[in-house]
Each structure stands twice: as structure tokens, then as C-alpha cells.
Amino acid sequence: MPEPKNIFVVSSEVLDITGYMTEVTDPAYGAVASFVGTVRSPNLGEDVLYIDYEGYEAMIKTQMQVMADELRARLELGHLVLAHRLGRLAPGEASIAIVASSKHRKDALLACQTGIDRAKDLLPVWKYEVNPKSKTWVKGNSSASTPL
Amino acid sequence: MPEPKNIFVVSSEVLDITGYMTEVTDPAYGAVASFVGTVRSPNLGEDVLYIDYEGYEAMIKTQMQVMADELRARLELGHLVLAHRLGRLAPGEASIAIVASSKHRKDALLACQTGIDRAKDLLPVWKYEVNPKSKTWVKGNSSASTPL
Amino acid sequence: MTVQVLFFASLREAANTRELHLSLDSPVSARALANQLENEHVGLELRGALCAINEHYVHPDTLLSEGDTVAFFPPVSGG
Amino acid sequence: MTVQVLFFASLREAANTRELHLSLDSPVSARALANQLENEHVGLELRGALCAINEHYVHPDTLLSEGDTVAFFPPVSGG
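Parameters and conventions
- Residues numbered from 1 in each chain as written.
- Chains lettered and ligands numbered in written order.
- Predicted model: local features only at pLDDT ≥ 70, side-chain atom pairs only at ≥ 80, totals over all residues.
- Heavy atoms only, no water.
- Contact = heavy atoms within 4.5 Å.
- Buried area = accessible area lost by both parts, 1.4 Å probe.
- Salt bridge = Lys/Arg side-chain N within 4 Å of Asp/Glu carboxyl O.
- Pairing = 2+ DSSP bridges.
- Helix = DSSP H or I, 4+ residues; strand = E, 2+ residues; numbered from the N terminus.
- Axes fitted to C-alpha atoms, helices over the stretch in contact; angles between N-to-C directions.
- Phe/Tyr/Trp six-rings, centres within 6.5 Å; stacked < 30°, edge-to-face > 60°.
- Buried < 20%, exposed > 50% of the residue type's maximum accessible area, 1.4 Å probe, protein only.
- Lys NZ or Arg CZ within 6 Å of the ring centre and 35° of its normal.

Student: Just checking my understanding: could you explain the interface of chain A and chain D for this structure?
Tutor: Many structure descriptions define interface size as the accessible area lost when the parts assemble. Facing 31 residues of chain A, the contacting portion of chain D comprises 32 residues. Taking both sides of the interface into account, the surface hidden between chain A and chain D amounts to around 2600 Å²; carbon and sulfur atoms contribute 60%. On the chain A side of the contact with chain D, Y56(A), W126(A) and L148(A) bury the most area, a combined 32% of that side's loss. Taking the shortest distance from any N to any O, the salt bridge between E54(A) and R18(D) comes out at 3.9 Å.

Structure follows, in C-alpha cells:
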């Protein structure tokens, strides 16, 4: 049985989803699941021109480790990729990817489901959304800890 | 909003997962989820040499339409790909893929989860597994209808 | 009436064919057809098999119609 | 003791800087540091912000240590 590996990616380059799927695929694990979040347009009725993603890169990687530890404590996983893109993204581009392999199809899928929920709680990333009428910081989520 | 489309693939060629993800990705839908089943080895403690997948191709496509209708009745989906490979597959190769986009991350993931469960119930496919010690038809599942 | 019969996987091997074209005298159920096929093909055992008519799963008591394609196959193991 | 302070997103804009290096006289909490920063930076409003020390989320009452990196940022909106 291969050693399960974690791969964490924080990058302003296009996310290489195909590469991540290849990385996690292994004959020892029969299931590969992925979740990819893409920039949605229109959003709240307005066409989106682009979104600038700002991140606290070092902390994103630290929190990806927290997420991976949480997921592995609950699920029997093979390999796991957590990836977040930063910088300017156009509609339809992938901003986040979670890819997991497992011997169990349910565990691979649950890693994606729990993973995307936790990523939205934990990863220090902020979206600045620009449409023809306005430029705004997207209202965020503070469930990771007690706010000031 | 684009017209949601179904794509059904039954083929003895390598499944083009990357192509399916591109097909379902659309700025109108912010979430893309996938499930890929791969040939597992070892299985039940034995190294697998290969699996021959036999299928009733016309009925697989008919049942993929049944699956898609069921999924769309319950979930708000964008585009949906259901793909099954037939023929001889080596360990690690993809035998089945379900790829869905949605405005809602939960719906995209549930399409994969429910979809793989239903695929294993409904699709008329049979596995002949060959390892160094034996060649056997893999015991199947009869939950789709009342057996004789 | 005429029907097409298909066998798959281990049943294809046991029947030693993938496809038959049959003429039937009277309306019969999939189950009755299965019994007839077992009598005609030594070693073919259809107990536990699933039936489909025209690519849809059916209960074995479903009656066949002219021109139907009837498939018999083992419990499925795809994915 | 010395600490590094980081701001992100709208707080970076309000503070007009991404990073500060501060010398503090005595052990203070993240909350006390936030109050001090609001007094020193007109327009910086940290109420509702999250705090992290050394890349981990902390309760605002957590005391800072020598060499800590303290980050203040709005509720997160990644994914």
C-alpha cells in the first residue's frame, strides 16, 4: 500500500486539475473524487468582469494542513490535493480544487464535500469582485474563530 | 443561463476525464464535481492483472438517461456527463466517470454520490477479473429489478 | 410472434451464444421464455438472472410483445 | 518584545499597509493590540475582524509572545 500523500498548492497560475487527478490516482485506491469551484457569472444578477483573490499564502498552507489532518482523522483516504488559486480570475476559471482518492467511494466524495465546506471556513482568502457597476470585497465567513 | 446538457459515453477508449470537466464547466455554474472509479489492485488480497468489462451498450445508454432524469428530478444541475468504459482495463485505469456542474456545490457532489450508487445498480456491465491465480466473473448486484 | 433474445457475461458463455431470434406461438412472460430456454440449452441456468425488455428492467412476469428484444443477464457489476 | 503585524484585504487598505513591525512594552492580547492599532491608524476599524497568531486562528484574548506574527483580516471569502 503506498504512503498516502498530501499535496498543497497555492498559486497564481492556472490550477492543473488533470495533473492533480493523475497525482492521486493509484491502483491501490479504486475511487477518485474531485470538487472544483469556478468563478460564477452572473452573480446576484450582475455579470462579473473578474475577481481578484487575495490570500495570506503561508497561513493558507498551514490551514490546508489542518484541513488534511481533520479529513484523515474522519475518512480513510489515499492521496489528497488541496489547491487554491490567487490573483485575477475570469468567469469560469477554477479558483479552488479538492481531489482525493480512497478505497471507498463514499470517503473520496465526503473528502470533497467536507473539504470545500472547511476550506470556506478556514482558508484566509478574500475576494474582490468587479462588475460593470461596482467593485466590492465579497462579504465573508467568520466561523473559523471568534471575531474581535 | 445555458441549456443544461447530458453527455453519455460508452466506449472502449480511455475515458477523457479532462474533456468531460471542460464540457461541464460554465461560468453560470460555480461548482464542478467528479467521481472516477478506477481498477483496483490488489483486490481481496490478490494482484489484479486486468479486468474485462462486458456491457450491453444500447441499454447502458438507455439506463444513463434514466439516471440523468432521476438526478435532475432531485438536484439542480448544470451539465452532466455519465461515462463507462468497456473492454480490457489495467489496474489504475478509469472504468467509470460521473462529472456534474451546478450552481450549488452540494448538488454537484450529490450528483456524483447518488450517480455512482445508481450506476452500480442500473448499468448492465459485468466484470471478468483476472489475477495470477484465477479468472472470475465478479459477483454482481441485482437491486435494479426482481431476479428470475 | 418473433422476439430477439440477448445473453450477457456468464449467461452468454452458458448459452454459447450472444443472440437468438425466436418465433413464439402465443404471448408468454419473460419467465416462461426463460424456462423454455433452459429446457433447450443444456447448462443454461437463468435462476437469479435479471431480465430487460427493450433496454428497460422488467419484472419476470412481464408479457412479451411482437418485436421485443429480451435480455437475460447476471446481476450487474459495473462501475 | 517585538511582533510583526499583518493586514489583509479591506483592512490592508484601511491601514494603508500590509505589514508593521512593533515593539511592545509588556505582554498584551491580540485584542489590546487591535485597540492600540485602531488608535494609531485613523480609519482602521478592527471590530468583526479575525485574528491569527503564527498562521493559526486564535481567540482575541490570546496573549502575544516575543517574535509572533499577528494577522488581522476580515471574515474569509475564499473558495
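Student: Before we go on, may I ask you to explain the sheet that holds strand β3 (residues 50-53) of chain C in this structure?
Tutor: The strands making up a sheet are joined through hydrogen bonds of the backbone, oriented either antiparallel or parallel. All names here are of chain C. Strand order in this open sheet of five strands is β2-β1-β5-β3-β4, and the pairing throughout is mixed. Strand pairing shows two members of the sheet lacking a second neighbour, β2 (19-23) and β4 (56-58), which therefore form its edges. Each neighbouring strand pair of the sheet contributes to a mean axis angle of 30°, computed without reference to strand direction. As paired strands, β3 and β4 are joined by three bridges and run antiparallel to one another. Bridge pairing in β4 places A52 opposite Y57.

Student: Just to check I follow, could you spell out the packing of aromatic side chains for this structure?
Tutor: Describing an aromatic ring pair means giving the distance of the ring centres and the angle of the ring planes. Under the defined criterion, the tally for this structure stands at 14 aromatic pairs over all chains. Relative to F8(D), the ring of Y56(A) has its centre 4.6 Å away and its plane inclined at 25°; by these criteria the two rings are stacked. Here the residue Y56(A) occupies a position in the loop between β3 (50-55) and α2 (57-74), and F8(D) occupies one in the loop between β1 (2-7) and α1 (9-15), the pair thus bridging two chains. Residues Y56(A) and F8(D) agree in their burial class; the two are buried. By the ring-pair criterion, three or more aromatic residues cluster together here, those being Y56(A), W126(A), F8(D), Y57(D) and F73(D). In this structure, R88(A) is placed above the aromatic ring of Y50(A), and the distance from its NZ or CZ to the ring centre is 3.8 Å.

Student: Explain the side chain of S145(A) here, please?
Tutor: Residue placement: S145(A) occurs in the segment after β8 (135-137). Setting aside residues no more than four positions away along its own chain, S145(A) makes contact with L50(D), C51(D), Y57(D) and V58(D).

Student: Is there a simple way to explain the pattern of salt bridges in this structure?
Tutor: Once the charged atoms of two side chains with opposite charge are near each other, the side chains can pair. A full pass over the atoms with the stated rule returns 20 salt bridges over all chains. The partner of D121(B) in a salt bridge is R118(B), with the nearest N and O atoms 3.1 Å apart. Of this pair, D121(B) and R118(B) both sit in helix α3 (residues 105-122), three residues apart, which is roughly one turn of that helix. A relative accessible area of 16% places D121(B) in the buried class. D61(D) serves as the salt-bridge partner of R31(D), at 2.8 Å between the closest nitrogen and oxygen. Here R31(D) is found in helix α2 (residues 30-40), whereas its partner D61(D) is found in the loop between β4 (56-58) and β5 (69-73), with 30 residues between them in sequence. Residue classification places D61(D) among the partly exposed positions, given a relative accessible area of 45%. What emerges from the salt-bridge pattern is a single network uniting E54(A), R12(D) and R18(D).

Student: What's the story with the pairing of strand β2 (residues 31-38) of chain A in this structure? I'm lost.
Tutor: For a regular strand, side-chain orientation follows a simple rule: the groups alternate between the two sheet faces. Burial of β2(A) is extensive: eight of the eight residues sit out of reach of the surface. Across the two faces of β2(A) the burial is the same, with A31(A), A33(A), F35(A) and G37(A) and V32(A), S34(A), V36(A) and T38(A) all buried. Two strands pair when backbone bridges link them, and β2(A) and strand β2 (residues 31-38) of chain B are joined in this way by seven bridges, in the antiparallel orientation. Among the inter-strand pairings, F35(A) is bridged to a residue of β2(B), identified as A33(B).

Student: It is not clear to me how unusual backbone geometry should be interpreted in this structure. Could you clarify?
Tutor: Both trends apply: most residues other than glycine have a negative phi, and most peptide bonds are in trans. Each neighbour pair has its own omega, and for S41(A) with P42(A) the value is 0°, a cis peptide bond. Mapped onto the fold, P42(A) is located in the loop between β2 and β3. Of note in this structure, L44(A) is not a glycine but carries a positive phi near 50°. Structurally, L44(A) can be placed in the loop between β2 and β3. In this structure, N54(D) is a non-glycine residue whose phi angle is positive, near 50°. Inspection of the secondary structure assignment puts N54(D) in the loop between β3 (50-53) and β4. Of the residues examined, N54(D) reaches a relative accessible area of 37% and is grouped as partly exposed.

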